[in-house]
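Structural features, examined
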Amino acid sequence: MKSLIYSSLLLVSLRLRGVVGEAAPRPGQPQHKGEPGKFRVVGNSLVSAQQMFLGTNDKVYIIDKAENNPTQVSGHPAWAQEFSLGSEWQRPMDIYTNTFCAGGNVLGNGTWLNVGGNQAVGYGGAQAASQLGGPPYNDADGRRSIRMLVPSDDGKCEWGLSHAHVAERWYPTLETLEDGTMIIIGGCHWGGYVNDPNQNNPTYEFFPPRGDPIVSPFLSNTLPTNLYPLAFLLPSGRIFMQANWASVILDYKAGGEMALDPMPDAVRTYPASAGTVVLPMTPANNWAATIMFCGGSNVTTPQWSDPNFVAIKEKASTSCVKITPDVSPTYQHDDPLPDGRTMANFILLPDGTVFCTNGAKFGTAGYGNNSWAVGQSYADEPQLMPLIYNASAPQGQRWSSQGLSPSEIPRMYHSSALLLPDGSVLVAGSNPNSDYAVDGVKYPTQYKVERFFPSYYNVRRPEPQGLPTELSYGGSSFMITLTVEDLGGEISNIAKTKVVVIRPGFSTHSMNMGQRYVELESTYGATPDKNGFLRVAQMPPNPAIMAPGPALLFVVVNGIPSVGVQVMIGSGKLGRQQVLAVEPLPEPAMPKWAQDFRASKNAAMSTTRGLVWTLPMGVLSVLVVSLALVFGDAVGM
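In this text the structure is predicted, and so the values were computed from the model without any measurement. (Residues numbered from 1 in each chain as written. Predicted model: local features only at pLDDT ≥ 70, side-chain atom pairs only at ≥ 80, totals over all residues. Heavy atoms only, no water.)

**Some words on the overall build of the chain**
If you tally the helices and strands in the chain, you get 4 helices and 45 strands. Pairs at least 24 residues apart make up 66% of the contacts formed inside the chain by residues separated by at least 6 positions. Summed over its atoms, the accessible surface of the chain is roughly 23300 Å², and 55% of this surface lies on carbon and sulfur atoms. (Helix = DSSP H or I, 4+ residues; strand = E, 2+ residues; numbered from the N terminus. Contact = heavy atoms within 4.5 Å. Areas by Shrake-Rupley, 256 points an atom, 1.4 Å probe, with all protein chains shown as cover.)

Pasting the structure below:
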């Protein structure tokens, strides 16, 4: 069995692979075609996508639980793979221990972690004869495992195991800290539909290790729905945690917990499984972390453990609430979902909206052999229609399905979704079954992979020049230039352009652990050669706003994003990040030629509109062609 030496972890860095320290190439146009507002099946995965993350601009890594997938690796069924976005080439990967319901996230040096999981199992999820590996799946016990991967585009990277271990954790949550290390929170010892006192692991610990696990009163008191606790790093450097009906702020440095107001309306954690997301953090909101929760199930604490509880009869909640924990302990209601949904995935798009997909109208996450289950699924009536949430829309109009079409594939328990560099969304997985099941079941093990194409997808994308490959916390600003064509033919659109950094996160169980959207501060102007430019600040001088590590950088012109490029935030190493003085940005300014160009174009268009009603059609056609030539010369076309 391969392993990674723990002491070498601090040396693993994207810098060693030449990703940072070089100028980013000018991004081009998307390689794939798709109809805006629609899903398109792009192929079949080798394993079902219970977990998924973007490793490089071209490579997605998919992880399943140990089960009887037809694809083989090293003489046994595979439950991990690499997927190329450009060529759709795939290869199975050996991940050794059972990753069933593990957690994941990325360290500040670009190394991805997959932590915890299940005992070794055989057919149908039954406990294996040996926990050390062996037939039929060769899956050793994964509950204490720390699996590690340094992504690459050479098709040769492999999963390894750290010599360090965690306490037994099935359904843990991982969050990257401001020094690039990891906090690992909660879970249980051997699993089940909900947690219970006999197997609860009410602790958190760190990687690299900082000593024994630390008991959390919050995790001790939120049974039975405290598996996969919802956890988010706050700009204050503390951790917001939510489970069952309770919420706290964890000061992991001092060890204290501060209670916040109870969660309104519904349980949001697994297995209620609401959609959750940190909304875009921008200069306008002072990069505050506002967390939104939508859907889930209004189930009382005693009901979850009641033997007469029939999960599939529970109608999913429509409730949406938000909280800004560093500012207020109180939740605020937002526009409800148009229809109740459990197991939704919320994906931050570069234009600042949130894409909602997957899930069901009735039931919860989980599966079993109950007489009332649909096959083994604890949920029914899939939600096939996606939604878009726009925080800047008037209240009452923030959720919309206008211009969107439904998927044809139910994405139930164990589905995932992930933002891609071209601005589309990869959607995969669904397997509410104890093992591989494709025949005679309503909700089979799903291998079909889809892309969803947002409304901006087919519009000509900006191709900015001067993009960095690394960003510091504070420091000197940098300049990005855009042609008039990049600006949609209007030099004035430079004033409607922003630069955003997105970490797509680790997708599993209706969560994208570590997902974050940060808009950089910028100002604008125009150059003598008739291009627009942005003077852009580095990351805000606070690593807790977005923890160090790899992310995607997009330039968004009037809602149209460039293709994203991968950047390294911070030093590319673990440890305290350097925070530099912020260089003040100049005031925005447009030279007179740009103002004159805009004024002359507006005047010409006004004149043209007047002539439309008075000129014969033949004369009008000549005039339109002539104006096109004039303006083509004006912008250097």
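There is more to say, and it comes next.
**Quick look at the side chain of glutamine 50**
Residue position: glutamine 50 is located in the loop between strand S1 (38-44) and strand S2 (51-54). For glutamine 50, a relative accessible area of 1% corresponds to the buried category. A distance of 2.9 Å separates a polar side-chain atom of glutamine 50 from the backbone nitrogen of cysteine 101. Once you skip the residues sitting within four places of it in the chain, glutamine 50 turns out to touch Ile63, Asp64, Lys65, Thr99, Phe100, Cys101, His414, Ser415, Ser507, Thr508 and His509. (Buried < 20%, exposed > 50% of the residue type's maximum accessible area, 1.4 Å probe, protein only. Polar contact = N/O pair within 3.5 Å; in protein donor to acceptor, adjacent residues only side chain to side chain.)

**Section: empty space enclosed by the protein**
A water-sized probe rolled over the atoms picks out the places where empty space is left. Inspection of the entire model under this criterion finds 7 cavities of 30 Å³ or more. Reported here for the largest cavity is a volume of approximately 120 Å³. Lining the largest cavity are 15 residues; nearest its centre among them are Ala231, Phe232, Met511, Asn512 and Met513. Residue assignment for the lining of the largest cavity shows that the elements contributing at least two residues are strand S12 (173-176), strand S16 (230-233), strand S20 (275-278) and strand S38 (511-513). Partitioning the lining of the largest cavity into residue classes produces 9 nonpolar, 5 polar and 1 charged. (1 Å grid on protein atoms, 1.4 Å probe; cavity = no way out; pocket = protein on both sides within 12 Å on 5 of 7 lines; lining within 4 Å. Points joined across faces, edges and corners; volume = space filled by probe spheres on them. Nonpolar A, V, L, I, M, F, W, Y, C, P; charged D, E, K, R; others polar.)

**Description of the confidence of the model for the chain**
With 89% of its residues at a pLDDT of 70 or more, the chain shows a mean pLDDT of 91. Scored below 50 in pLDDT, residues 1-20 makes 50 contacts in the model with residues more than four places away or belonging to other chains. Within the model, pLDDT remains below 50 along residues 604-637, and this stretch shows 13 contacts once partners closer than five positions in the same chain are excluded. (pLDDT = per-residue confidence, 0-100.)

**Here we look at the sheet that holds strand S21 (residues 291-294)**
With respect to topology, 4 strands assemble into an open sheet ordered S20-S21-S22-S23, the strand pairing being antiparallel. At either margin of the open sheet sits one strand with a lone partner, and together these are S20 and strand S23 (332-333). Relative to S21, S20 is paired through 4 bridges, and the arrangement is antiparallel. Looking at the pairing, valine 277 lines up with methionine 292 of S21. (Pairing = 2+ DSSP bridges.)

**Some words on the pattern of salt bridges**
Within this structure, the stated rule accounts for 24 salt bridges. One salt bridge in this structure joins glutamate 463 and arginine 460, with 4.0 Å as the shortest N-O distance. Here glutamate 463 falls in the buried class, since its relative accessible area comes to 17%. A residue is classified by how much of its surface remains accessible, and arginine 460, at 31% relative accessible area, is partly exposed. Sharing partners across several salt bridges, the network here consists of Arg26, Arg460, Glu463, Glu485 and Asp486. (Salt bridge = Lys/Arg side-chain N within 4 Å of Asp/Glu carboxyl O.)

**Observations concerning the environment of serine 152**
Looking at where serine 152 falls in the secondary structure, it is placed in the loop between strand S10 (146-149) and strand S11 (160-161). Through-space distance from the C-alpha of serine 152 to that of lysine 59 is 7.7 Å; in sequence the pair is 93 residues apart. A distance of 2.5 Å separates a polar atom in the side chain of serine 152 from a polar atom in the side chain of aspartate 154.

**Points about the state of the cysteines**
Tallying each qualifying case throughout the model produces 1 disulfide. Cysteine cysteine 101 shares no disulfide, and the gap to the nearest cysteine sulfur, in cysteine 188, comes to 8.9 Å. The class for cysteine 101 is buried, based on a relative accessible area of 0%. (Disulfide = S-S within 2.5 Å.)

**Concerning the pairing of strand S22 (residues 320-323)**
Residues of S22 alternate between two faces, with Cys320 and Lys322 on one and Val321 and Ile323 on the opposite face, all of them buried. Across 4 bridges, S21 lies against S22 in antiparallel orientation. Paired with cysteine 294 across the bridge in S22 is cysteine 320.

**What to know about the packing of aromatic side chains**
Across all of its chains, the model carries 27 aromatic pairs by this definition. Between the aromatic rings of tyrosine 367 and tyrosine 413, the centroid separation amounts to 6.1 Å while the plane-to-plane angle is 55 degrees, which identifies the pairing as tilted. Placement of tyrosine 367 in strand S26 (residues 360-367) and of tyrosine 413 in the loop between strand S29 (399-400) and strand S30 (415-419) is noted, with a sequence separation of 46 residues between them. Judged by relative accessible area, tyrosine 413 falls into the buried class, the value being 3%. Ring geometry for tyrosine 436 and tyrosine 447: centres 6.2 Å apart, planes at 50 degrees, overall tilted. With tyrosine 436 in the loop between strand S31 (425-429) and strand S32 (448-453) and tyrosine 447 in the loop between S31 and S32, this pair connects stretches of sequence that are 11 residues apart. In textbook terms, an aromatic cluster arises when at least three aromatic residues are bridged by ring pairs, as seen for Phe100, Trp170, Tyr171, Tyr228, Tyr270, Tyr367 and Tyr413. When the ring centre of phenylalanine 100 is taken as origin, the NZ or CZ atom of lysine 65, which lies over that ring, is 5.7 Å away. Of note, arginine 210 hangs over the ring of phenylalanine 206, and the distance from its end group to the ring centre comes to 4.3 Å. (Phe/Tyr/Trp six-rings, centres within 6.5 Å; stacked < 30°, edge-to-face > 60°. Lys NZ or Arg CZ within 6 Å of the ring centre and 35° of its normal.)

**Looking at unusual backbone geometry**
With an omega dihedral of 0 degrees, the bond running from proline 135 to proline 136 counts as a cis peptide bond. Structurally, proline 136 is set in the loop between strand S9 (112-115) and S10. For the peptide bond that leads from tyrosine 270 to proline 271, omega is 5 degrees, which places it in the cis range. If you trace the backbone, proline 271 turns up in the loop between strand S19 (256-259) and S20. Its identity as a non-glycine residue notwithstanding, cysteine 101 has a phi of 60 degrees, on the positive side. If you trace the backbone, cysteine 101 turns up in the loop between strand S7 (90-92) and strand S8 (103-106). The backbone phi angle of asparagine 358 is positive, close to 70 degrees, even though this residue is not glycine.

**Points about the sheet that holds strand S15 (residues 214-215)**
Strands sit in the order S12-S13-S14-S15 across an open sheet of 4 strands; the sheet is antiparallel. Each edge of the open sheet carries a strand with a single partner, namely S12 and S15. As paired strands, strand S14 (residues 203-207) and S15 are joined by 2 bridges and run antiparallel to one another. The residue bridging tyrosine 204 from the neighbouring strand is isoleucine 214, located in S15.

**Looking at the pairing of strand S17 (residues 239-243)**
Extensive coverage of S17 is indicated by the burial of 5 of its 5 residues. Both faces of S17 are covered, namely the face carrying Ile239, Met241 and Ala243 and the face carrying Phe240 and Gln242. Here S16 pairs with S17 via 4 bridges, running antiparallel. Bridging from a neighbouring strand, alanine 231 pairs with methionine 241 of S17. Between S16 and S17, which pair antiparallel one after the other, the connecting turn spans 5 residues, and glycine 237 there sits at a positive phi close to 85 degrees. The pairing of S17 with strand S18 (residues 246-251) spans 5 bridges and is antiparallel. Paired with alanine 243 across the two strands is alanine 246, which belongs to S18. Hairpin geometry of S17 and S18 is characterised by an intervening segment of 2 residues between the two adjacent antiparallel strands and by a positive phi of about 50 degrees at asparagine 244.

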